[in-house]
Structure formats: C-alpha cells, structure tokens
Amino acid sequence: MAEFFEVHTTIGGREQAAELAHGILFSGLATSIDIAEAPGREATAWQLTCIAAGPQVAALERHIRRASPDAPVAAEPVTHDIDSYPDWLTDGQA
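An account of the accompanying structure is given in this report. These numbers come from a predicted model, not from an experiment. (Residues numbered from 1 in each chain as written. Predicted model: local features only at pLDDT ≥ 70, side-chain atom pairs only at ≥ 80, totals over all residues. Heavy atoms only, no water.)

**With respect to the overall build of the protein**
Test applied: The helix and strand labels rest on DSSP assignments: H or I over at least four residues marks a helix, E over at least two residues marks a strand, and numbering proceeds from the N terminus. Residue burial is assigned from relative accessible area. The probe radius is 1.4 Å, only protein chains are included, and a residue is buried under 20% of its type maximum, exposed over 50%, and partly exposed in between. In what follows, a contact means two residues having at least one pair of non-hydrogen atoms within 4.5 Å. Accessible surface area values rest on a Shrake-Rupley calculation with a 1.4 Å probe, where residue burial reflects the displayed protein chains alone.
Along the protein, the regular secondary structure elements total three helices and four strands. The proportion of buried residues among the 94 residues of the protein is 37%. In the protein, 69% of the contacts between residues at least 6 apart in sequence involve partners at least 24 apart. Here the protein has roughly 5900 Å² of accessible surface; of this, 51% comes from carbon and sulfur atoms.

**Quick notes on the sheet that holds strand 1 (residues 4-11)**
We apply this condition: Only strands that DSSP links by at least two bridges are regarded as paired with each other. Between the N-to-C directions of two axes lies an angle of 0 to 180 degrees, each axis being a line fitted to C-alpha atoms and, for a helix, fitted only over the stretch in contact.
Spatial ordering of the open sheet is given by 2-3-1-4, a layout of four strands whose pairing is antiparallel. Every interior strand has two partners, whereas the edge strands, strand 2 (32-37) and strand 4 (73-77), have only one. Taken over all neighbouring pairs, the strand axes of this sheet differ in orientation by 20° on average, direction set aside. Sheet topology places strand 2 next to strand 3 (residues 46-53); six bridges connect them, and they run antiparallel. Looking across to strand 3, one finds that Glu 37 is bridged to Trp 46.

**A word on the pairing of strand 3**
Across the eight residues that make up strand 3, a large majority, seven, are buried. Bridge count between strand 1 and strand 3: eight bridges; the pairing is antiparallel. In the strand pairing of strand 3, His 8 is matched with Thr 49.

**Considerations on the environment of Leu 20**
In this structure, Leu 20 sits in helix 1 (residues 14-27). Linking Leu 20 and Leu 48, residues 28 residues apart in sequence, is a C-alpha distance of 9.0 Å. Among residues more than four places away in sequence, those in contact with Leu 20 are Thr 9, Ile 11, Leu 48, His 63, Ile 64 and Ala 67.

**Digging into the environment of Pro 55**
Among the secondary structure elements, Pro 55 is positioned in the loop between strand 3 and helix 2 (57-67). For Pro 55 and Glu 3, which are 52 residues apart along the polypeptide, the C-alpha to C-alpha distance reads 8.3 Å.

**Structural notes on the packing of helix 1 against helix 2**
What counts here: If you view the pair so one helix is near and one far, a crossing is left-handed when the near helix is turned anticlockwise from the far one by less than a right angle, and right-handed when it is turned clockwise. Gly is placed with the polar residues, together with every amino acid not listed as nonpolar (Ala, Val, Leu, Ile, Met, Phe, Trp, Tyr, Cys and Pro) or charged (Asp, Glu, Lys and Arg).
Viewed as axis vectors pointing N to C, helix 1 and helix 2 meet at an angle of 145°, and their least axial separation amounts to 11 Å. Handedness of the helix 1/helix 2 crossing: right-handed. Contact with helix 1, carried on its side by Gln 16, Leu 20, Gly 23, Ile 24 and Ser 27, involves Leu 60, His 63, Ile 64 and Ala 67 of helix 2 and no other residues of that element. Here the residues of the contact of helix 1 with helix 2 sort into five nonpolar, four polar and no charged.

Here it is, written out as structure tokens:
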C-alpha cells in the first residue's frame, strides 16, 4: 500500500465543504486539505483534496460519504516525491 493518498471529493456548498473539512481535520483523518472552487460547473461546487496516510483512507472515505452520500470520492496514491516528504506531512503519522 502507498504511504500517502490524495483523496478528492466535490461538495455542493461552500459552508458544507468547510464543515466537512473541519470534521476531517478534527477527526485526524487527513494531514492536509485544500478547498477550491470546482472548475467547469454550472452551479458553484467546491472540491476538497485531502492528503491522508494509507491506513486512514477507508475511514476518510466513510466520513465523506456519511456527510454527503452523493458526493464522488476518488483516492489515488501519491507516487512522486521530489525531495522527501516535508516533516509536517509525516509527523504523527505512524
């Protein structure tokens, strides 16, 4: 299993995206989260990109689906490492 994964989802509202991101970080399911307006959509939607340790990916997906059952969830391994992972990414991720 890869050490870290990028987990992506798209949420319909800004407040819902912020609440989901807060819940994910509060639960310790991701090391970082980026929230950005999803490009190319008629209605405003927000894309969350989370970095999670491999063992946490399944729990992170369940958390997202509980909060927003219809939201798409995709996970892909982080396969490139230019200059080793930054310290903040691996601190506390056993």
